[in-house]
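Spelled out, the chains give:
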Amino acid sequence: MVIEQLVYNEIYAPNYPREDNTNLTREESRILMWLDGAIGAVRREDIGDWLRLGRSSIEQAFAKVRSGDENGSTRDFQFAVQYLRNALARKPHKVDFVVKPGGAVIVPPSQEAESQD
Amino acid sequence: MLPDPCFPQVSRWTTTLWDQWRPVLEIDYTASGDETARRYYTWGPDVSGSVDGAAGIGGLIEILEIKGNTTTRSLPIYDGIGNVVGLVDGTSGARVATYSYGPFGELLAEYGSRADSCPFRFQTKLYDEETGYYYFGKRYYDPKTQTWISRDPAREDGGVNLYAYCNDDPVGNFDPIGEAVGPAIPGSNPQQNAYDALLFFADFIHGPAHFGKSFLGLFDSTSDTDEYADNLETVTNGLTLGIPQMAAADGDPQKSAQIVQGMGRQFTTPEGWGNLTFAALMGFAGPKVGDFMDDPVVSRPDRFDMITKAPADGQIILHRDQVIMNNYQRYYNDAWEEVVNRFNAGKIPISEGQNWQMVLGQNVDLVARARLRNFLLGAQIPEGPGADVLVNRWLRDPSGSGAYRIPDVRLIQTGNILEGTIGNKPMNLQQIQDFISFSQGNNVIIVQPTVGPIFGNGGD
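Residues numbered from 1 in each chain as written. Chains lettered and ligands numbered in written order. Predicted model: local features only at pLDDT ≥ 70, side-chain atom pairs only at ≥ 80, totals over all residues.

J.: I'd like a rundown of the overall build of chain B, residues and numbers included.
T.: From N to C terminus, chain B includes 11 helices and 20 strands. For chain B, the share of sequence-separated contacts (at least 6 apart) that also reach a separation of at least 24 residues comes to 57%. (Helix = DSSP H or I, 4+ residues; strand = E, 2+ residues; numbered from the N terminus. Contact = placed C-beta atoms within 7 Å.)

In structure tokens form, the structure reads like this:
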């Protein structure tokens, strides 16, 4: 449902069809309210991470709509959609590698085990 | 039901459900009581600017007729004073009926494949073909004698001539229900009317999202362009003095010039429609009418109050579902145009493993559904498990196999499933068969964009 709303905003914001009787503030608060509820309810950490990433992108997208950065807002809405789709995926995404703060790349143990097979 | 011995000649019956002064449903029966046809009438604001302010004159939006397995949608076209002068098919945009009248409503001609399917004619009133009378609510009007067939229920308060129709000025006056005569456009300002009419027509041409192919079909022919251009020039020249003033008052002096310029460039009309359009320019009049056209009927709260808060006797619910179906088609058209425009501008990426049909189809589905949810929310129509309207909800195999499908929209009361696609979905597609099977016999209506290009198989 929220993905529908995000794509709707990607397409129309800030020039919503008049009959829809909505505006940027209303759309943003509606989406963020839904998202905050979801973040508060999820138990799986990876899902929570995706939702928080999505939330951040949504906030940036609406900020860019307000500043007139159409390309930027489009991109952020699309990122948000992808993050939320990841959150809705039933299986956690497979981690291929992890980059440590210093830049070092490590392969998770399970991957190492697989690669040794 | 056996034939009434008092009326042995009766071969069919029609029952009518009314909402104030407007019929909203007619059901035809044979003499033995078998239903043969249903016609749903969808109404918007009439020439008064409100839903029933002029008892529906010029306010009929659509006729949906269900006869056996055939469903047809007809959209009425009006002249300047609310007479139905034609019908176009709601799907193809083809002209299917034409009516013409004398000034007092004398039916001069009617033709077209669907001319009989619209009972509304002069002043958008029910026409009784057997008697030749129009039913206005309080009285029957006889266009042959140009008088009412009974006295004015308002007695002399309505004028000394108790039988005169519109004080003998049917072009300048309205008599919505056969009782009180009023000016043609109550409280209107001709200059404002003309400006609103121009705005409406700009919307008409530039905003196919509002009206779809059916209406645009009237204007996409290259025939008769010169004749129409002459008409248009006459109208626009006549309005030129007024438009800049109105536009300046709106704080947007360039807008009207662009509108007129755009109209002059793009208006073409098939043979026979030139006069209609000319009349409509002058006649879709009144500030309220302009507001209505800018702000399509579906957003008018009074209309939804009428539909959703009326007694839930079943028929009203059916009417509500019709509005939902109409809106979903319109949202689908809107979404299709917007998504294609953005795709062509390079703003919609194609991810790995997808093709462009899939991406466009998914985006159109998502946007159309978002707007439908928005509409349902605004109209206070419940959606979700347990409700009569389901949007993008699981439809499980009742046999317990664990299989499921997710149709775009399911309308429980009318047993309709709406499935949008930018391509084609034949009825023998497994998905469609599952819809029918899992819902235990629902009708599946494939919703496709009726504007712009339609693709073959593919898409969502």
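Further notes follow.
J.: I'd like a rundown of the overall build of chain A, residues and numbers included.
T.: When helices and strands are counted, chain A shows 5 helices and 2 strands. Once local pairs closer than 6 in sequence are excluded, the contacts in chain A between residues at least 24 apart make up 49%.

J.: Describe in detail the packing of helix α2 (residues 24–41) of chain A against helix α3 (residues 45–67) of chain A, supporting the description with residues and values.
T.: Residue and element names in this part refer to chain A. Running from N to C, α2 and α3 point in directions that differ by 170 degrees, and their axes come no closer than 10 Å. With respect to α3, the element α2 is oriented roughly antiparallel. Facing α2, whose interface residues are L24, E28, I31, L32, L35, A38 and I39, α3 presents G48, L51, R52, G54, R55, I58, F62, V65 and R66. Of the residues belonging to the contact of α2 with α3, the class tally is 10 nonpolar, 2 polar and 4 charged. (Axes fitted to C-alpha atoms, helices over the stretch in contact; angles between N-to-C directions. Parallel < 35°, antiparallel > 145°, perpendicular 65-115°, else oblique. Nonpolar A, V, L, I, M, F, W, Y, C, P; charged D, E, K, R; others polar.)

J.: So what about the sheet that holds strand β1 (residues 12–19) of chain B? Which residues, and what values?
T.: For sheets, the rule is that strands pair by backbone hydrogen bonds, running either parallel or antiparallel. All names here are of chain B. Taken together, 8 strands build an open sheet; the order of strands is β1-β2-β3-β4-β5-β6-β7-β8 and the sheet is antiparallel. Two strands bound the open sheet, and with one partner strand each, they are β1 and β8 (107–111). On average, each strand axis in the sheet is inclined to that of its neighbour by 15 degrees, with strand direction left out of account. Pairing geometry for β1 and strand β2 (residues 22–30), over 8 bridges, is antiparallel. When the sheet's bridge partners are listed, D19 is paired in β2 with R22. (Pairing = 2+ DSSP bridges.)

J.: Could you give an account of the environment of B:T70, naming the residues involved and the relevant values?
T.: Looking at the element boundaries, B:T70 is found in strand β5 (residues 70–78). Sequence-wise, B:T70 and B:A37 are 33 residues apart; in three dimensions their C-alpha atoms are separated by 9.6 Å.

J.: Outline the interface of chain A and chain B, listing residues and values.
T.: Opposite the 14 residues of chain A that make contact, chain B presents 20 residues. The set of elements that each furnish at least two residues to the side of chain A that touches chain B consists of α1 (2–12) and α4 (70–88) of chain A. Ranked by residue count, the leading element in the side of chain A that touches chain B is α1(A), at 6 residues. The residue inventory of the side of chain A that touches chain B, partitioned by class, reads 5 nonpolar, 5 polar and 4 charged.

J.: Which residues make up the sheet that holds strand β12 (residues 147–148) of chain B, and what are the values?
T.: Spatial strand order, β9-β10-β11-β12 (chain B): 4 strands in an open sheet with antiparallel pairing. In this open sheet, the two strands that pair with only one neighbour each are β9 (126–128) and β12 of chain B.

J.: Lay out the nonpolar core with the relevant residues and their values.
T.: All names here are of chain B. Ranked by internal contacts, the top residues of the largest apolar core, which has 50 residues, are Y328, V364 and V367. Excluding residues that lie within four positions of it along the chain, V364 makes contacts with Y332, A335, W336, V339, G420 and I422. Counting 35 residues, the second-largest nonpolar core is a separate cluster that includes A55, A97, Y141 and F174. (Core = buried A, V, L, I, M, F, W, Y, C linked by C-beta atoms within 7 Å. Buried ≥ 20, exposed ≤ 12 C-beta atoms within 10 Å, placed from the backbone.)

J.: Give a description of the confidence of the model for chain B that names residues and reports values.
T.: All names here are of chain B. Per-residue confidence for chain B gives a mean pLDDT of 69; residues scoring 70 or more make up 65%. Every residue in residues 1–8 scores below 50 in pLDDT, and together they form 6 contacts with partners more than four places removed in sequence or on other chains. Predicted confidence for residues 184–317 stays below pLDDT 50, and this span has 186 contacts to residues more than four positions away or in other chains. Confidence estimates for the predicted assembly give a pTM of 0.46 and an ipTM of 0.79. (pLDDT = per-residue confidence, 0-100.)

J.: Hey, could you go over the pairing of strand β7 (residues 95–101) of chain B for me, with residue numbers and the actual values?
T.: Residue and element names in this part refer to chain B. Pairing analysis gives 3 bridges linking strand β6 (residues 84–89) to β7, with the strands arranged antiparallel. Paired with V88 across the strands is R95, a residue of β7. Both β7 and β8 contribute to a ladder of 4 bridges, which runs antiparallel. Residue Y99 lies in a different strand from β8, and its bridge partner there is E110. What sits between β7 and β8 in their antiparallel hairpin is a turn of 5 residues, with G105 showing a positive phi close to 90 degrees.

J.: Break down the packing of α1(A) against α4(A) for me, with residues and values.
T.: Residue and element names in this part refer to chain A. Packing of α1 against α4 leaves a shortest axis separation of 9 Å and a crossing angle of 170 degrees. Judged by the angle between their axes, α1 and α4 are roughly antiparallel. In this structure, α1 contributes V2, I3, L6, V7, N9 and E10 to the contact, and α4 contributes T74, F77, Q78, A80, V81, L84 and R85. A class-by-class count of the residues in the contact of α1 with α4 yields 8 nonpolar, 3 polar and 2 charged.

J.: Help me get a handle on α2(A), residues and values and all.
T.: Residue and element names in this part refer to chain A. With 18 residues, α2 ought to run about 26 Å at 1.5 Å a step, and its terminal C-alpha atoms sit 26 Å apart, in line with that. Of all the residues in α2, the buried ones are E27, I31 and L35. Down the axis of α2, the buried side of the element spans an arc of 45 degrees, and every buried residue falls inside it. Of the residues in α2, the exposed ones pointing more than 90 degrees away from the buried face are T25, R26, S29, M33, D36, G37, G40 and A41. If you follow the buried residues of α2, they end up packed against α1 and α3. (Expected span 1.5 Å × (residues − 1). Arc of directions from axis to C-beta.)

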